[in-house]
Amino acid sequence: MPHDEPIGLVGAGTIGGGWAATYLARRRPVLVVDPVPDAFGRLTSYLDAVWPSVRRTVADTPATVPLDLLRLVPVADLGEAVLVHENVPESVESKQDAYRGVEDVVGADVPILSSSGGLMPSELQAGMDHPERFVVAHPQSPVYALPLVEVLAGKATSPVVVDAVLAHLTGLGKRPVLLHREIPGYLTNRLTFAMLREATHLLAEGVVDARGIEDAVVHGITPRFLIGGPLTSLALAGGPGGMRGAMRSFADTIEGWWSDLGRPHLDEDTRARLIAAADEILGDRTIGDVLAARDAAAVDVLALLQGEA
């Protein structure tokens with residue numbers, strides 16, 4: 001895929017803006033479709049705000065946002081794009097509407113990638129003229145910094161297109177993970193919400209307060225996950241025997257803990273507890289402030305993982 005040919009973005013919110021930063025940092029032309037009033041102004045304000053972090057995460061990033069490579073266009077002018085990222089709201093209908101507009105103007109071999117966070121690819125591609133070119137490529141926020149992208153094919157997706165998308169994402173410096181079958185919520189959301197479910201159970205049962213849950217994850221679990229995930233952590237628990245040792249020593253114990261995990265329901269009482277917990281944790285900080293702090297921390301951690309710190 002030539003580096004001087006434009007990438008199309010449909011939807012210029014936070015995810016679309018993150019993809020825009022990803023490509024502009026590599027001096028790739030970007031065409032943006034977004035009918036929201038002042039979409040271009042909101043996008044450029046976002047890019048200006050995150051650009052110092054973008055420069056820390058992408059080598060040889062231009063000193064300022066290369067606005068000469070960025071254009072807001074109607075969907076009818078998207079025909080130059082050689083790949084399109086769809087970033088519209090998480091609704092099957094909204095996304096399918098977007099695909100109809102894109103397919104009317106781009107070539108039949110142009111891949112269309114959805115940033116969906118949990119919808120089924122086979123359902124999303126239903127009704128497309130060329131469903132074989134459709135792939136879910138779900139990024140993590142902040143998109144310009146975090147390398148992971150979850151890739152899922154639908155039933156009608158061509159394996160050739162999947163391979164091309166994986167190669168494209170890898171060339172962007174991303175770390176694509178291919179899911180071998182469709183599943184609601186994909187990968188990172190399922191892992192995250194499994195932890196959230198148990199956190200909600202512990203909170204609702206009065207086992208620990210909100211600050212204790214946050215501290216356990218931030219100051220206990222997260223640092224240990226910086227060089228490996230839960231499978232590595234379990235293998236390390238097995239000592240010199242690794243996972244084999246862990247299975248010999250802890251399999252029955254783990255099975256018992258699994259059977260005791262909670263199954264909370266988001267009834268009115270649990271919702272109220274979660275709202276109170278968030279108010280306690282966030283305090284006087286705005287959501288915007290916390291998002292900015294999270295994104296800055298993500299950049300710091302990425303530098304550590306890459307051996308730059």
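Given the structure is predicted, the values throughout are model-derived calculations rather than measurements. (Residues numbered from 1 in each chain as written. Predicted model: local features only at pLDDT ≥ 70, side-chain atom pairs only at ≥ 80, totals over all residues. Heavy atoms only, no water.)

Caption draft 1: Highlighting the pairing of strand 2 (residues 30–33). Alternating positions in strand 2 separate into two faces, Val30 and Val32 on one and Leu31 and Val33 on the other, with burial throughout. As judged from the four bridges shared by strand 1 (residues 7–10) and strand 2, these two strands associate in the parallel manner. Considered in strand 2, the bridge of Val10 is made with Val33. Relative to strand 3 (residues 70–72), strand 2 is paired through three bridges, and the arrangement is parallel. Bridge pairing in strand 3 places Val32 opposite Leu72. Remark: the strand 2/helix 2 (residues 39–57)/strand 3 crossover connection has right-handed handedness. (Buried < 20%, exposed > 50% of the residue type's maximum accessible area, 1.4 Å probe, protein only. Helix = DSSP H or I, 4+ residues; strand = E, 2+ residues; numbered from the N terminus. Pairing = 2+ DSSP bridges. Right-handed = clockwise from strand over helix to strand, strands pointing away.)

Caption draft 2: Up close: the environment of Arg100. Looking at the element boundaries, Arg100 is found in helix 3 (residues 92–103). Residue Arg100 is classed as partly exposed on the basis of its relative accessible area, which comes to 46%. In the structure, Arg100 is positioned 27 residues away from Gly127 in sequence and 8.6 Å away in space, judged by C-alpha atoms.

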